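Listed below, chain by chain, are the residues.
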Amino acid sequence: KKRIIFTNGCFDIIHRGHVEYLQKAKLLGDILIVGLNSDTSVTRIKGKPRPYQDEQDRAAILNAMKMVNMVIIFDEDTPLELICELKPSVLVKGGDYDSQSIVGAKEVESWGGSVKIIPFLEGYGTSMLVKKILDR
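Bear in mind that the values here come from a model prediction, so they are computed numbers and not experimental data. (Residues numbered from 1 in each chain as written. Predicted model: local features only at pLDDT ≥ 70, side-chain atom pairs only at ≥ 80, totals over all residues. Heavy atoms only, no water.)

Ranked by internal contacts, the top residues of the largest apolar core, which has 17 residues, are Leu22, Leu32, Val34, Leu62 and Val68. Of all the secondary structure elements, the ones that give two or more residues to this core are α1 (16-26), β2 (31-37), α3 (55-63) and β4 (90-94). Once you skip the residues sitting within four places of it in the chain, Val34 turns out to touch Phe6, Thr7, Phe11, Leu22, Leu62, Val68, Met70, Val71 and Ile72. (Core = buried A, V, L, I, M, F, W, Y, C linked by side-chain atoms within 4.5 Å. Buried < 20%, exposed > 50% of the residue type's maximum accessible area, 1.4 Å probe, protein only. Helix = DSSP H or I, 4+ residues; strand = E, 2+ residues; numbered from the N terminus. Contact = heavy atoms within 4.5 Å.)

Read from one edge to the other, the open sheet built from five strands follows the order β3-β2-β1-β4-β5, with strand pairing classed as parallel. Edge positions in the sheet fall to β3 (70-74) and β5 (114-118), since each has one partner strand and no second. Strand-to-strand twist in this sheet, taken as the mean axis angle between neighbours without regard to direction, amounts to 25°. Packing of α1 onto the sheet brings it into contact with β1 (4-9), β2, β4 and β5, and relative to β2 it is tilted by some 140°. (Pairing = 2+ DSSP bridges. Axes fitted to C-alpha atoms, helices over the stretch in contact; angles between N-to-C directions.)

Our next topic: the environment of Leu28. Mapped onto the elements, Leu28 comes out in the loop between α1 and β2. According to the relative accessible area criterion, Leu28 is partly exposed, its value standing at 28%. For Leu28 and Val92, which are 64 residues apart along the polypeptide, the C-alpha to C-alpha distance reads 9.0 Å. When sequence neighbours within four positions are dropped, the list of residues in contact with Leu28 reads Arg3, Ile5, Val90, Val92 and Lys116.

Scanning all chains against the criterion turns up five salt bridges. Measuring nitrogen to oxygen at the nearest pair gives 2.6 Å for the salt bridge that ties Arg50 to Asp12. Of this pair, Arg50 sits in the loop between α2 (39-46) and α3 while Asp12 sits in the loop between β1 and α1; the two residues are 38 residues apart in sequence, bridging distant segments of the chain. Residue classification places Arg50 among the buried residues on the basis of a relative accessible area of 11%. Residue Asp12 is classed as buried on the basis of its relative accessible area of 1%. Note that Lys131 and Asp135 form a salt bridge whose closest N and O atoms lie 2.7 Å from each other. Remark: Asp135 and Lys131 occur in helix α6 (residues 126-135); sequence separation between them is four residues, near one turn of the helix. (Salt bridge = Lys/Arg side-chain N within 4 Å of Asp/Glu carboxyl O.)

Below, the structure written as structure tokens:
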């Protein structure tokens, strides 16, 4: 009876904000599963030229992180199908969401799970990092 934590995202260029977010997420349970947007879903959501790294590279980097137990690549725009299949105890998202606007929140709560929001680390984001690199 381990507590499964689920989060998802593009994780295109891993930065400190991602690392701290995943560390905090892992503290909420036993097994941290990351749903990783496929290359095609990243392009649909973020536009070209994203992703900067392909899904296999992004998955390998996430899998190498000690707090991540499993990475599952999904092709849909949202992880709802994956969430319903995994039935995590905790659904985690970053940023300024309220639990009712998070995809899968009502489903997770319906089976007794909880939804947690971890604030973004100010000053860190893939778009900001890319801009910083290009400006240099």
